[in-house]
Amino acid sequence: MTEKQKMLAGELYFACDGELSAMHQRAVELCDKLDDVKLTGSEREKTVRELLGACGKNHAITRGFRCDYGSNIEVGDNFYCNYDVVILDVCKVKIGDNCLIGPQVGIYAACHPLDAQLRATGAEFGKPVTIGDNCWIGGGAKINPGVTLGDNVVVGSGSVVTKSFPSDVVIAGNPAKIIKRLKNSPHSFGKGEV
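Caption draft 1: Region of the structure containing the overall build of the chain. Scanning the chain from terminus to terminus reveals four helices and 20 strands. Here the C-alpha radius of gyration of the chain, 17 Å, is about what a compact globule of 194 residues would show, namely 16 Å. In the chain, which comprises 194 residues, the share counted as buried stands at 40%. The contacts in the chain between residues at least 6 apart in sequence include a share of 29% that link residues at least 24 apart. Accessible area for the chain stands at about 9,900 Å²; split by element, carbon and sulfur atoms hold 53% of it. Charge-centre separation for the chain: the mean point of 22 positive side chains lies 7 Å from the mean point of 23 negative side chains.

Set out below in structure tokens:
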């Protein structure tokens, strides 16, 4: 089994492998290209599609976007990603349709062993992250490895999401917890600021 196959399977792997290093370098170069303010709409579209594993229609990724590989990220239609977002996609990161990602959000599929001696070897592993349709991830929020968010979830700014949550909820805090259940989503127009 290759290091890439181990990584995608969520097993311990070593990222210094030649294939993974080349994939990472490619992602770095494409992310740098997205930062070019002179990049035209069609060139930007092509670059995003080259970077991501799958991408729906009507998307916008602003400057400062960073990822490990890009090829393990799938986003749906009408995707908006604000400034300085980091997605560590050592496993699949799937984001549904009509999702908004605030500035400085971190979505992390990457994990390291708890055992210090094993961690010191450079071994790491990953757990996939899934975000449903119609979600809004507020600025500065962090989504940890293995988390699944249902549809219509709102994550409050600065929250740290350490576990999965069902559809139609507002979550916030560190660690995040449900602070409100939404009715009639996705067409509810709440008055609270999250």
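Still more ground to cover, so stick around.
Caption draft 2: Quick peek at the pattern of salt bridges. Enumeration according to the criterion identifies five salt bridges in this entry. Notably, a salt bridge pairs D32 with R66, separated by 3.6 Å at the nearest N-O pair. Note that D32 is positioned in helix α2 (residues 18-34) and R66 in strand β4 (residues 66-67), a separation of 34 residues in sequence. On the basis of relative accessibility, which here comes to 41%, the residue D32 falls in the partly exposed class. Several salt bridges converge on common partners, so that one network encompasses D32, D35 and R66.

The rules behind each value
Residues numbered from 1 in each chain as written. Predicted model: local features only at pLDDT ≥ 70, side-chain atom pairs only at ≥ 80, totals over all residues. Heavy atoms only, no water. Helix = DSSP H or I, 4+ residues; strand = E, 2+ residues; numbered from the N terminus. Rg over C-alpha atoms; globule rule 2.2 N^0.38 Å. Buried < 20%, exposed > 50% of the residue type's maximum accessible area, 1.4 Å probe, protein only. Contact = heavy atoms within 4.5 Å. Areas by Shrake-Rupley, 256 points an atom, 1.4 Å probe, with all protein chains shown as cover. Lys, Arg positive; Asp, Glu negative; His and termini not counted. Charge placed at Lys NZ, Arg CZ, Asp CG, Glu CD. Salt bridge = Lys/Arg side-chain N within 4 Å of Asp/Glu carboxyl O.

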